[in-house]
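Analysis of the macromolecular model
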Amino acid sequence: MRYVEFKETIGKELRKNPGGLTWVALRDRLQLPYERPCGSWTRRLEDDIRLIRVKGSGRAYIWKVRKCSPVT
């Protein structure tokens, strides 16, 4: 899987789930071939799809797409 495919797949799934998902939920739902997310790809997603990660329960982080603020 290339980064572009990863970005599109993750972005689409997170936009369908505005409450966010953990990495494990994303990995399992999308049948991703990675045990853990690649750090450099994750940082790129912060700019490319406006990914944010917020602390969830335990050690988990919830991945979300930051909403765009309206232009005035």
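Below or above, wherever it landed, is the structure these notes cover. (Residues numbered from 1 in each chain as written. Predicted model: local features only at pLDDT ≥ 70, side-chain atom pairs only at ≥ 80, totals over all residues. Heavy atoms only, no water.)

What follows deals with the pattern of salt bridges. For the structure shown, the criterion picks out five salt bridges. Note that Arg27 is salt-bridged to Asp28, the shortest N-O span being 3.3 Å. Accessibility expressed as a relative area gives 16% for Arg27, which makes it buried. Judged by its relative accessible area of 48%, Asp28 falls in the partly exposed class. Salt-bridge contacts for Arg27 lead to Glu35; the nearest nitrogen and oxygen are separated by 3.4 Å. A network of salt bridges, in which partner residues are shared, links Glu13, Lys16 and Arg29. (Salt bridge = Lys/Arg side-chain N within 4 Å of Asp/Glu carboxyl O. Buried < 20%, exposed > 50% of the residue type's maximum accessible area, 1.4 Å probe, protein only.)

The next thing to look at is unusual backbone geometry. Residues other than glycine seldom take positive phi values, yet Gln31 does so here, at roughly 50°. Given the relative accessible area of 70%, Gln31 is considered exposed. With phi around 65°, Arg50 is a residue other than glycine that occupies positive phi space. Tracing the backbone through its elements, the reader meets Arg50 in the loop between helix H3 (39-48) and strand S2 (51-55). Assessed through its relative accessible area of 30%, Arg50 is described here as partly exposed. (Helix = DSSP H or I, 4+ residues; strand = E, 2+ residues; numbered from the N terminus.)

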